[in-house]
Amino acid sequence: MPLLRPLVLSLICSAFVPLLSFAVYHVLIAPRFNPLRKLAGPPVRTLFGNHMSSVLDPFRSPKTHALYVDKYGRNVRIRGLGPWDDRLLPLDPVSVSHVLKNSTIYEKPWQSRRLITSLIGCGMLAAEGYIHKRQRRVATPAFSIQNLRALVPLVFRKGNELQEKWRELLDGMSPAEDKGVEIDVCHWISRATFDVIGLAGFDYHFNAIQNESDELFAAYKEMFEIAVSQGDGLRTVLGIYFPLLNVLLPDQRVKTVKRCQTVIHRVAGKLIQSKKTRIMEGEKSGSGYADKDLLTLLLKSNVATDLPADQRISDEDILHNINTFMFAGSDTTSLALTWTLLLLARHPDMQTRLRAELFSVAPPTPISCLTADEIGSLHVALSNLPYLNNVTRESLRLVPPVHSSLRVATQDDEIPTSYPVHLNDGSVSDQRSIRISKGTFVHVPVEALNLDKGIWGEDAWEFDPDRWDNLPEAVEAVPGLYSNLLTFSAGPRSCIGMRFSMIEMKTFLYILLTNFVFAETDKKIYKANVVLTRPYVSGQFKKGSQCPLLVKRYKAGVD
Ligand code: HEM
């Protein structure tokens, strides 16, 4: 026994010394040689002080970004989690564009990928490199304009079902003084977008507008709520760095995720198998299989004869991507719609103008009686309405559901700049690039570029759909998959579902605004970034995201 003690001590010492050296090197030495240190940036007052909440909290971030541009220029050094984590915050459109275009150099950090993978599997959101490329290639045909057109009738159907449900709610209550009935539009639209993505994604009826009892719906909902819950942050972080901990000592969060995943695996796995069988039977009989949901299209694209065998993806990957569409495609769209309705409630004149434009293309027949062709024509008419287009773009500019994103440099790089670079010593350099070393985090500022007064003009923080008829020239430099906005990101990792969400947004706006009038309640609604930018009622954060609005039936001439 006495002999063991020195042995244990020496073992501890031999583990402790390398660990300490590692920490000292990364915390105190390596940061001194980080080229980012040369850039100007806001001061850090304590050893573990950081700028995360100033940059990420949408209540503060617009002012923070404006102040940074003013004081430190358009490429700013900010502090991440600790002294080892100096990050680049590029507010120069050329620099942001470089980061997003070069997705092999600037990858998503392994920490966020591991967290996403632990919930929904390694689908397109989490995968990198060759695996991501293969998945994106298989999924791209499913999102073509032609294939999405086939999904339009089901979006109309669900929009109409929501409208009928709200009518029932209004009929069941007697609104005082005809002001309208308070409805949490955030909650209801989220149920409807879940229904849409269930049907469009894999032909599955959640029926969430009617009730929330479906087993698969409950599993997805619970898992996504865990993803956005504050929970025990430290335990979650430890689980990311030491995944074995989740296996050996699972906490409540890990157990719940496991339970949800078991349901999803069983129900969605069965769906995948039955679709595969039907596609094969269709091929054998020569009659084909005509369903147009994303799962069918993914499966077909995966067996297409022009796709080399090594480019195909497994059934497991297919399931992970269906999970990914559910995760990436439901809350984002419902939040975009919720924010648009809130903005229109705050600007009744714009709501009236938009409603008039929507009525100008409304067919005389109720939606439930329209043929597929008539719905197709209505969809085309809606796509071409200029004010609807302006309102949608403006809302997506002003409140992008994805507030910002993160990338990490996988190699040393030079990032081009188009504005003078402010340096740490107070000087301003006209250098045309900045050096980034491997391992540096880059904050992708979606909201910041969308709201930049130097780009969009002094009224950039206001809701003004008409701005889109006369944009400042500087807007052209902003990278973006959609209308020079970073809302759907840009480059090879931009949003694959952008067109689909536009169909959903415009259809729902058409149906809801031609049936109802929306007004604000006296509750104050504010934005908070909880994975996505969500509405909360002031003083009721613990109740979760909500957006109560006064809703009443539209009556011609009483608008
Ligand atoms: C208003 C609605 C939406 C917004 C604002 C939005 C926004 C975004 C953004 C900003 C990204 C890039 C994320 C990053 O770089 O970290 C992204 C990626 C993605 N989105 Fe969307 N999205 C929306 C709707 C949808 C829909 C409806 C779907 C699917 C049906 C979808 C599927 C995806 C997928 C799969 C990715 C990952 C793409 C890749 O990495 O290759 N999104 N989205």
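Because the structure is a prediction, the values reported are computed rather than measured.

Another aspect to go through is the overall build of the protein. Secondary structure assignment for the protein yields 22 helices and 14 strands. Taken over the C-alpha trace, the protein has a radius of gyration of 25 Å; the compact-globule value for 559 residues is 24 Å, and the two agree within 12%. For the C-alpha atoms alone, the extent of the protein along its principal axes is close to 85 × 60 × 50 Å. Going through the 559 residues of the protein one by one, you find that 52% of them count as buried.

This part takes up the coordination of the iron atom of the ligand. For the iron atom of the ligand, the sole protein-derived donor is Cys-495 (SG), lying 2.3 Å away. Within the secondary structure layout, Cys-495 lies in the loop between α21 (453-456) and α22 (498-513).

Take the UniProt feature "binding site: heme" (unreviewed entry) in the protein next. Mapped onto this structure's residue numbering, the UniProt feature "binding site: heme" (unreviewed entry) falls at Cys-495. Residues within four places of Cys-495 in sequence aside, it is in contact with Arg-136, Leu-481 and Phe-488.

Another aspect to go through is the site of the ligand. Inspection of the region around the ligand gives 27 residues, with His-132, Arg-136, Ser-405, Arg-407 and Cys-495 positioned closest. Met-124 is positioned such that a nitrogen or oxygen atom in its backbone is 3.3 Å from an oxygen atom of the ligand. The contact in question runs from an oxygen atom of the ligand to an N or O atom on the side chain of His-132, over 2.6 Å. For the shell around the ligand, the secondary structure elements donating two or more residues are α6 (129-139), α15 (315-329), α16 (331-346), β5 (405-409) and α22. When its residues are assigned to classes, the shell around the ligand shows 12 nonpolar, 11 polar and four charged.

Here we take up a nonpolar patch on the surface. Judged by side-chain polarity, Phe-16, Val-17, Leu-20, Val-24, Tyr-25, Leu-28, Ile-29 and Phe-33 come together as a nonpolar surface patch covering roughly 790 Å² of accessible area. For Tyr-25, the location among the structural elements is in helix α1 (residues 4-29).

With that settled, the discussion passes to the side chain of Glu-357. Along the chain, the position of Glu-357 falls in helix α17 (residues 348-359). Lacking a salt bridge, the buried Glu-357 has Arg-353 as its closest oppositely charged neighbour, with an N-O distance of 6.9 Å. Setting aside residues up to four positions removed in sequence, Glu-357 forms contacts with Leu-385, Pro-386, Tyr-387 and Leu-388.

Think of a pair of aromatic rings as described by two things: how far the centres are apart, and how the planes are tilted against each other in angle. Tallied over the entire structure, the rule returns 22 aromatic pairs. Between the aromatic rings of Phe-202 and Tyr-204, the centroid separation amounts to 5.9 Å while the plane-to-plane angle is 15 degrees, which identifies the pairing as stacked. We note that Phe-202, like Tyr-204, is buried. Taken together, the aromatic side chains of Phe-194, Phe-202, Tyr-204, Phe-206, Phe-217, Tyr-220, Phe-224 and Phe-327 make up a single cluster linked through ring pairs. Positioned above the aromatic ring of Tyr-387 is the side chain of Arg-353, whose terminal nitrogen or guanidinium carbon lies 3.8 Å from the ring centre. The ring of Trp-461 has Lys-453 lying over it, and the distance from NZ or CZ to the ring centre is 4.0 Å.

The rules we used
- Residues numbered from 1 in each chain as written.
- Predicted model: local features only at pLDDT ≥ 70, side-chain atom pairs only at ≥ 80, totals over all residues.
- Heavy atoms only, no water.
- Helix = DSSP H or I, 4+ residues; strand = E, 2+ residues; numbered from the N terminus.
- Rg over C-alpha atoms; globule rule 2.2 N^0.38 Å.
- Buried < 20%, exposed > 50% of the residue type's maximum accessible area, 1.4 Å probe, protein only.
- Donors = N, O, S within 2.8 Å, 3.2 Å for Na, K, Ca; no water.
- UniProt positions renumbered as here; feature names shortened; annotations may be inferred.
- Contact = heavy atoms within 4.5 Å.
- Near = heavy atom within 4 Å.
- Polar contact = N/O pair within 3.5 Å; in protein donor to acceptor, adjacent residues only side chain to side chain.
- Nonpolar A, V, L, I, M, F, W, Y, C, P; charged D, E, K, R; others polar.
- Patch = residues over 30% accessible without salt bridge, like charges linked within 9 Å, V, L, I, M, F, W, Y side chains within 5 Å.
- Areas by Shrake-Rupley, 256 points an atom, 1.4 Å probe, with all protein chains shown as cover.
- Salt bridge = Lys/Arg side-chain N within 4 Å of Asp/Glu carboxyl O.
- Lys, Arg positive; Asp, Glu negative; His and termini not counted.
- Phe/Tyr/Trp six-rings, centres within 6.5 Å; stacked < 30°, edge-to-face > 60°.
- Lys NZ or Arg CZ within 6 Å of the ring centre and 35° of its normal.

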